[in-house]
Structure formats: structure tokens, C-alpha cells
Amino acid sequence: MTAIYPSPEVVVQRQLDAYNARDVDAIMKTYAAHALQFEFPGKLLASGHVEIRARMVLRFKEANLHAKLVRREVIGNIVIDYEDITRTFPEGTGRLEMIAIYEVREGLIQSASVAIGAKTLDS
């Protein structure tokens, strides 16, 4: 019997919804146990659930954290999100542009790479 998995787009949307809800348990359900997170072009940020969870717990402490999806492209098992992120930086609150590239297999994110764009601080 062949397993039926949610589409890559559904998996990534669940991840985004969990991120905006600051629900670390829900976000971890979207990642494979051995998943990797990178900052483009190849700087390893986290490897596996323990390290990914630690990054998310830290990030979720930001009261204003929010990722607004600007556009999404899906090519097979690759999902590319263009996002506008609201965050609290050491120098104050603001926004940054980000592109996230997810590889999804068997209903789970196997790897995520982010490219960070321009950062602007609130006045």
C-alpha cells in the first residue's frame, strides 16, 4: 500500500501557519527528524529536530514576530516563499525581506534555505 502525503504546498503552509502562531510543536511536525536549515548559499543554521526546535523557541520569544506571505512558487517538491517578516532586532523593531526555499519529501520538510534581503527599522 502506497502512503499518501500532503502536497509540498500544504506542508509549507502548515509550517507558515505554525510559525505565525508561535506553535513550536506544530512547526516541528512539518520537519523531518533529520531536516536541515540553511542561510543561503550554504551556511548551516540547524540540523535535526533538537537544533531546529531551539532556534524556533528563541525566535518565538519576539512578541511582534510575523511572516507575511507575498508570493509562493511550487516546482515539484520545491516550494519557494517570498515573505515580509516583522521582527524585533537588537536595534529595535522592523521588517526584512526573505526568500525561503523548502524541499519537501514524504510529507515533511527535508531542508529549508533562507536568503535575507533588506532590513528596515520602524521609526
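In what follows, the structure referred to is the one given above.
Residues numbered from 1 in each chain as written. Predicted model: local features only at pLDDT ≥ 70, side-chain atom pairs only at ≥ 80, totals over all residues. Heavy atoms only, no water.

Visitor: Before we go on, may I ask you to explain the overall build of the chain in this structure?
Guide: Scanning the chain from N- to C-terminus turns up 3 helices and 6 strands. Counting from the amino terminus, the chain carries its helices and strands in the arrangement α-α-β-β-α-β-β-β-β. Scaling as 2.2 N^0.38, a compact globule of 123 residues should have a C-alpha radius of gyration of about 14 Å, and the chain matches this with 14 Å. For the C-alpha atoms alone, the extent of the chain along its principal axes is close to 55 × 30 × 25 Å. The buried share of the chain, taken over its 123 residues, is 37%. Carbon and sulfur atoms make up 57% of the accessible area of the chain, which totals about 7200 Å². (Helix = DSSP H or I, 4+ residues; strand = E, 2+ residues; numbered from the N terminus. Rg over C-alpha atoms; globule rule 2.2 N^0.38 Å. Buried < 20%, exposed > 50% of the residue type's maximum accessible area, 1.4 Å probe, protein only. Areas by Shrake-Rupley, 256 points an atom, 1.4 Å probe, with all protein chains shown as cover.)

Visitor: Help me out: how do you make sense of the pattern of salt bridges in this one?
Guide: Any two side chains of opposite charge can pair, on the condition that their charged atoms come close. Taken as a whole and assessed by the stated rule, the structure comprises 9 salt bridges. Close ionic contact of E91 with K119 constitutes a salt bridge, the shortest N to O distance being 2.6 Å. Of this pair, E91 sits in the loop between β4 (78–89) and β5 (92–105) while K119 sits in strand β6 (residues 108–121), and the two are 28 residues apart along the sequence. Classification of E91 by relative accessible area gives partly exposed; the value is 46%. D122 is paired through a salt bridge with R95; the nearest N and O atoms lie 3.4 Å apart. (Salt bridge = Lys/Arg side-chain N within 4 Å of Asp/Glu carboxyl O.)

Visitor: Whenever I open this one, the environment of D17 confuses me. Can you help?
Guide: When you line up the elements, D17 lands in helix α1 (residues 8–21). Of the residues examined, D17 reaches a relative accessible area of 44% and is grouped as partly exposed. Considering only alpha carbons, one finds D17 and H66, 49 residues apart in sequence, at a separation of 9.9 Å.

Visitor: Help me understand the sheet that holds β5, please; the structure alone is not making it clear to me.
Guide: The strands that make up a sheet pair up through hydrogen bonds in the backbone, lying either parallel or antiparallel. Read from one edge to the other, the open sheet built from 6 strands follows the order β2-β1-β6-β5-β4-β3, with strand pairing classed as mixed. Looking at which strands have only one partner, the edges of the open sheet turn out to be β2 (43–47) and β3 (66–75). Going across the sheet, the axis of each strand differs from the next one's by a mean of 25°, ignoring polarity. As judged from the 12 bridges shared by β4 and β5, these two strands associate in the antiparallel manner. (Pairing = 2+ DSSP bridges. Axes fitted to C-alpha atoms, helices over the stretch in contact; angles between N-to-C directions.)

Visitor: Mind showing me how you'd approach the nonpolar core here?
Guide: Most often, soluble globular proteins keep nonpolar side chains buried together rather than apart. Core analysis: the largest hydrophobic core is formed by 28 residues, its most contacted members being Y19, I27, Y31 and Y102. Setting aside residues up to four positions removed in sequence, Y19 forms contacts with I27, M56, R59, F60, L65, A67 and I85. (Core = buried A, V, L, I, M, F, W, Y, C linked by side-chain atoms within 4.5 Å. Contact = heavy atoms within 4.5 Å.)

Visitor: Sorry, what's going on with the pairing of β5 here?
Guide: Put simply, side chains in a regular strand alternate between the two faces of the sheet. From the end of β4 to the start of β5, which pair antiparallel, there are 2 residues. With 11 bridges joining them, β5 and β6 adopt antiparallel strand pairing. Bridge pairing in β6 links A100 to V114. Connecting β5 to the next strand, β6, in antiparallel fashion are 2 residues, including E106 with a positive phi near 50°.

Visitor: Explain the environment of L108 here, please?
Guide: Inspection of the secondary structure puts L108 in strand β6. Assessed through its relative accessible area of 27%, L108 is described here as partly exposed. A sequence separation of 101 residues divides L108 from S7, and the C-alpha atoms of the two residues are 9.5 Å apart. Every residue in contact with L108, bar those within four places of it in the chain, is listed here: V11, K29, T30, Y31, A32 and E103.

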